[in-house]
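# Tertiary structure, described
The lines below spell out each chain.
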Amino acid sequence: MLIMMNLKKSFITREVVVGSVPVGGNNPVRIQSMTNTNTNNVAATVDQIMHLADGGCEIVRLAVQGKKEAYSCENIKNILLRKGYTIPLVADVHFYPLAALIAAEFVDKVRINPGNYCRDTKQHPLEGIDEKIGPFLALCSKRNVAVRIGVNYGSLSPRIEALYGNSFEGMVASALEFGKILRNHHFHNFFFSLKASDTSIMIKAYQKLVLEMLDCGWDYPLHVGVTEAGEGLEGRIHSAIGIGTLLLQGIGDTIRVSLTEDPFNEISPCQELCQLYKSYYSSTKRVVHRSSLFRASIIDPQLFFMIDDQNLDSLLQDHLSYPFGIFTSKKLFKDRNMETMNKEWTNCFFTEEIEDNHACNLKNPSSICKISTLEEIHKAECFWNNKKMILVDVAEKPLFFLRKCRDYLSKSNIGLPVFLLYGVQDKSILQIGGELGSILVEGLVDGFVIQSSKISPVAEIFSHLFYSFSSHKKARVISCPGCGRTLYDIQTLTKKVKEKMKSCHGITVAVMGCVVNGLREMGDADIGLLGSKKDHVDLYKKGVLIQKNIPVIHADSILWKCYLKEKKIV
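Rules used in this analysis
Residues numbered from 1 in each chain as written. Predicted model: local features only at pLDDT ≥ 70, side-chain atom pairs only at ≥ 80, totals over all residues. Heavy atoms only, no water. Buried < 20%, exposed > 50% of the residue type's maximum accessible area, 1.4 Å probe, protein only. Helix = DSSP H or I, 4+ residues; strand = E, 2+ residues; numbered from the N terminus. Pairing = 2+ DSSP bridges. Axes fitted to C-alpha atoms, helices over the stretch in contact; angles between N-to-C directions. Contact = heavy atoms within 4.5 Å. Phe/Tyr/Trp six-rings, centres within 6.5 Å; stacked < 30°, edge-to-face > 60°. Salt bridge = Lys/Arg side-chain N within 4 Å of Asp/Glu carboxyl O. Patch = residues over 30% accessible without salt bridge, like charges linked within 9 Å, V, L, I, M, F, W, Y side chains within 5 Å. Areas by Shrake-Rupley, 256 points an atom, 1.4 Å probe, with all protein chains shown as cover.

### Quick look at the pairing of strand 9 (residues 190-195)
Of all six residues making up strand 9, six are buried, and the element is well covered by its neighbours. Of the pairings in the sheet, the one linking strand 8 (residues 146-152) to strand 9 comprises six bridges and is parallel in character. Across the sheet, the residue bridging to I149 is F192, located in strand 9.

This is the structure:
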């Protein structure tokens, strides 16, 4: 699916102050996390918030299920202030508008989900919404409390879903509808967020929302994140693709990397993505850059490694999960008898073909055209037909260069495959994922040639990175990060499920904390587990309940048996 993006106008959001933290406008991208303690356990929640603030978290969110949790916010806020912590607090409210009203007395921002805040129907659209939201907005205006209109894929209202289906278009429509309601109440101190566990859906939703806001003349800030990203390397890579892509397009004012881990572990990935953003933009001015073409997915992007004597032995010993080719010298290739090896990665180019062979050097033509500047693209046009590959060698801001390169090639009707020569030294996992994910999402390359002395860890990163863009699909476990609503050890269960499913392919498994969003957001998963009561989960298949109240200690085994039965293995 192709979506044309023509963002010629600048999109600079307005500044909205959350507590003491200004967000949007020309302010830095702000880092956010969420507690996973029971909000009514005031002491534990305060300790976790202080730990997050000390680590660099700038805004923190708390689960507020009802009145008790809303009133607990007062104690939490007061204790934090007495201890010298002014970090803004955000109340996360679902299904219970009264909790939002109470929490607004004490917190700095309230998140409401349009799909849960007012459970409208096709027959009674937005029935009673003014009665519910009017007093809430009046209090927020009085206390200067910000509001986040937080839409989640899978938790759209029945009316919106009937009109648009469970889609990114429906997410945008839901957000805009509630934005208009707030504007009708003359309330403008609000944010949008459009979260999904599928990075392509999440990216398309934000891009469409920005286009719609440009058409409307709106400039509200955006909170960006991938919901149910999971844990470990996979969770970080999926977050990097979604968040990093949008940041490098100039979209995003606050971010959260949602991991099924200790919330403190979310801070460092956020900092790395903010650093990636700063490496592309010399100032904090946030401008949406035009993407001439947005491609939702690329089928089987290719990966090559540059191989020398030092990393060849490591390569031969590793069992890597993503097929790749090699760039190596003819001598090394022949000395090791690599041409006789029955390996997927023996798809081979020779490094001799690109040494001293920039596009403007016609003395020793080869099948590879290496370019490092836009001037070289123009000089090389006379002999494009003799080439098999364009190899872009640009170390600084490759995304920006590739956009210009692709524009030129498209206008000149040059259809050669484009590969980026990419060095990973001194770059973090998140920075690699964010930068290369954004390049893939925009459809700027056909693959990468990687320069690295460490083959195995880099290949593992790419194995996760390419999951979203390739037909080479392994099992994916999506899991929510857990919060004060979660009544079991979701981190341990997620690890056990991932271990069970690691040898599987082409299946999506969900591990969700509670019913607030979990049941509907796991609807696209093949099988899933959903927290039902303390230390128990329910088993679902394609959104249909299969078994209730499974003790958590047995949940991974029962899920595995369900998978085997579905595949007719048992």
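### Some details on the sheet that holds strand 5 (residues 59-64)
An order of 9-8-7-6-5-4-11-10 is seen for the eight strands of this open sheet, with the pairing classed as parallel. Edge positions in the open sheet fall to strand 9 and strand 10 (223-226), since each of these has one partner strand only. Sheet twist, expressed as the mean angle between neighbouring strand axes with direction ignored, is 25 degrees. Pairing analysis gives five bridges linking strand 5 to strand 6 (residues 89-93), with the strands arranged parallel. Across the sheet, A63 pairs through a bridge with D92, a residue of strand 6. Sitting on the sheet, helix 7 (residues 168-184) touches strand 7 (109-112), strand 8 and strand 9, and the angle it makes with strand 9 is about 165 degrees.

### A few points about the sheet that holds strand 24 (residues 544-551)
Taken in spatial order, the five strands line up as 20-21-22-23-24 in an open sheet, and their pairing is mixed. A strand with exactly one partner marks an edge of an open sheet, and here the two such strands are strand 20 (476-479) and strand 24. Strand-to-strand twist across the sheet, computed as the mean angle between neighbouring axes with direction ignored, equals 20 degrees. In terms of strand pairing, strand 21 (residues 508-512) meets strand 22 (residues 527-533) through four bridges, oriented parallel.

### Structural notes on the packing of aromatic side chains
Summed over all chains, the structure comprises eleven aromatic pairs. Centre to centre, the rings of W218 and Y220 are 5.7 Å apart; their planes meet at 80 degrees, and the pair counts as edge-to-face. Side by side, W218 and Y220 carry an identical accessibility label, which is buried. Centre to centre, the rings of F304 and F419 are 5.6 Å apart; their planes meet at 70 degrees, and the pair counts as edge-to-face.

### A word on the pattern of salt bridges
Applying the stated criterion across every chain, the model contains 21 salt bridges. Residue D219 pairs with R14 through a salt bridge whose shortest N-O separation is 2.7 Å. Of the two residues, D219 is situated in the loop between helix 8 (199-216) and strand 10 and R14 in the loop between strand 1 (2-3) and strand 2 (16-18); the sequence distance between them amounts to 205 residues. Judged by its relative accessible area of 29%, R14 is partly exposed. One salt bridge in this structure joins K370 and D393, with 3.4 Å as the shortest N-O distance. Residue K370 is located in strand 16 (residues 368-371), and its partner D393 is located in the loop between strand 17 (389-392) and helix 14 (398-411); the two are separated by 23 residues in the primary sequence. By relative accessible area, K370 is classed as buried at 12%. In this structure D393 comes out as partly exposed when scored by relative accessible area, which is 25%. Salt bridges here are not isolated pairs; linked through shared partners, they connect R61, D92, R111 and R485.

### Description of a nonpolar patch on the surface
A grouping of F95, Y96 and L98 is seen on the molecular surface, where their side chains present a nonpolar patch of about 250 Å² in accessible area. Along the chain, Y96 turns up in the loop between strand 6 and helix 3 (97-103).

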